[in-house]
Amino acid sequence: MTYKFGYIAVVGKPNAGKSTLVNCLIQNKVAIVSPKAQTTRNNILGILTTQTYQLVFIDTPGVHKSKNALDKFMNKNIRSAEGCADVILYLIDSTKGLEDFECDYLKSLQQNTDVEIVIILNKIDLIKKTKLLPLLQKVSELGFEFVLSLSAKTGENVDDLIQLILQFLPDSQTKNFVYDENYYTDKSLKFMVSEIIREKALNFLNDEIPHGLSVNITKYEQKSTLLIVEADIVCEKESHKSIIIGKNGAMIKKIGQSARKDIEELVNTKVYLNLFVKVKKDWRENLNFLTEFGYKNEDW
Ligand SMILES: Nc1nc2c(ncn2[C@@H]2O[C@H](COP(=O)(O)OP(=O)(O)OP(=O)(O)O)[C@@H](O)[C@H]2O)c(=O)[nH]1
Ligand SMILES: [Mg+2]
């Protein structure tokens, strides 16, 4: 029997569907998803293990220009994922097409890496196949050989992607898996709990609070069959705080109820969840806050 192992970086613009694809590939939810741009902030590993291969997908934050310290942290994550990958998947939202800045990004990626880059035209469930032709043309003009169209949401063509990735990875006579076969992510349950709360907040709140939200777990205690979690939802303005709390606390209650349900499924025990809302002005610029919330670069 021969075995294969590889790291696969999943990159692309915010909202292209990277986290949805990683969840679909590993058939487990490791990364939160929302219609808002810049949902993912940390690199998250999604690990797919079978008898004969282990594929480690690195979900990354969306490629964007740095405006603040949090953006720099996110962009550094993308570069480190590209640096350690055996294969790079570049996701494009087919309904949006390819922007000029993405073409520049892709050209520099081609020049700076030796590994195979697969271009993925995602969200094909939303678009007629004939509408893909101009995009396919543009991608081939950029000189990319491997292009696959799929839907991360419905799973259409996702098996083909796995087969393509496997072709790029060398065979090994020994079982060269790096991760324990029982794990499907590198992240702790505590991290995933904080992300679930952030996902619910992002999904329930409208565009008035686009990116400036963070979740900080202040208490995480397992008491026999009950997990006690206390967390701060941190925003940047007093006006945002009122929106998050909602009329008579209705919004925070909705976020809490929905998060508790998902957390209970994740940890498989009853959960007591208590949420608070805190204002920390300009926290995305403040290195102390970023470190406190787990967004830390080694060189800070
Ligand atoms: N219809 C459809 N929607 C999709 C598909 N893939 C992703 N989406 C939706 O697109 C939105 C963004 O998806 P995410 O997976 O959060 O995108 P992302 O690339 O991880 O975004 P960031 O983390 O912000 O960089 C969500 O509303 C998803 O449900 C797809 O194949 N079809
Ligand atoms: Mg994401």
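Residues numbered from 1 in each chain as written. Chains lettered and ligands numbered in written order. Predicted model: local features only at pLDDT ≥ 70, side-chain atom pairs only at ≥ 80, totals over all residues. Heavy atoms only, no water.

Next up on the list: the coordination of the magnesium ion (ligand 2). Distances from the magnesium ion (ligand 2) to its protein donors, S19 (OG) and T40 (OG1), fall at 1.9 to 2.1 Å. Here T40 lies in the loop between α1 (18-26) and β2 (44-49) and S19 lies in helix α1, a separation of 21 residues in the sequence. (Donors = N, O, S within 2.8 Å, 3.2 Å for Na, K, Ca; no water. Helix = DSSP H or I, 4+ residues; strand = E, 2+ residues; numbered from the N terminus.)

This part is about the domain arrangement of the protein. On domain assignment, one finds that the protein holds domain 1 (4-168) and domain 2 (189-292). Measuring from the centre of the C-alpha atoms in domain 1 to the corresponding centre in domain 2 gives 28 Å. Facing 18 residues of domain 1, the contacting portion of domain 2 comprises 21 residues. Roughly 1,500 Å² of surface becomes buried between domain 1 and domain 2 when both sides are summed, with 52% attributable to carbon and sulfur atoms. Interface area lost by domain 1 to domain 2 is led by I32, K36 and R41, which between them contribute 41%. (Domains from an automatic or database assignment. Contact = heavy atoms within 4.5 Å. Buried area = accessible area lost by both parts, 1.4 Å probe.)

L21, L55, F57, L89, V118, L161 and I165 are the most contacted members of the largest nonpolar core, which totals 33 residues. A total of 7 residues in this core trace back to one element, the largest contributor, which is helix α5 (residues 158-168). Residues in contact with L21, not counting those within four places in the same chain, are L89, L91, I120, L150, A152, V158 and L161. Grouped together as the second largest cluster of nonpolar side chains are 30 residues, L45, I58, I92 and C103 included. (Core = buried A, V, L, I, M, F, W, Y, C linked by side-chain atoms within 4.5 Å. Buried < 20%, exposed > 50% of the residue type's maximum accessible area, 1.4 Å probe, protein only.)

It is worth spelling out the sheet that holds strand β3 (residues 53-59) at this point. Strand pairing in a sheet takes place through backbone hydrogen bonds and is either antiparallel or parallel in direction. Strand order in the open sheet formed by 6 strands is β2-β3-β1-β4-β5-β6, with mixed pairing between adjacent strands. Looking along the sheet, the strands with just one partner apiece sit at the ends: β2 and β6 (146-149). Neighbour to neighbour, the strand axes of the sheet diverge by 25° on average, direction disregarded. Sheet analysis places strand β5 (residues 116-122) next to β6, joined by 4 bridges and oriented parallel. (Pairing = 2+ DSSP bridges. Axes fitted to C-alpha atoms, helices over the stretch in contact; angles between N-to-C directions.)

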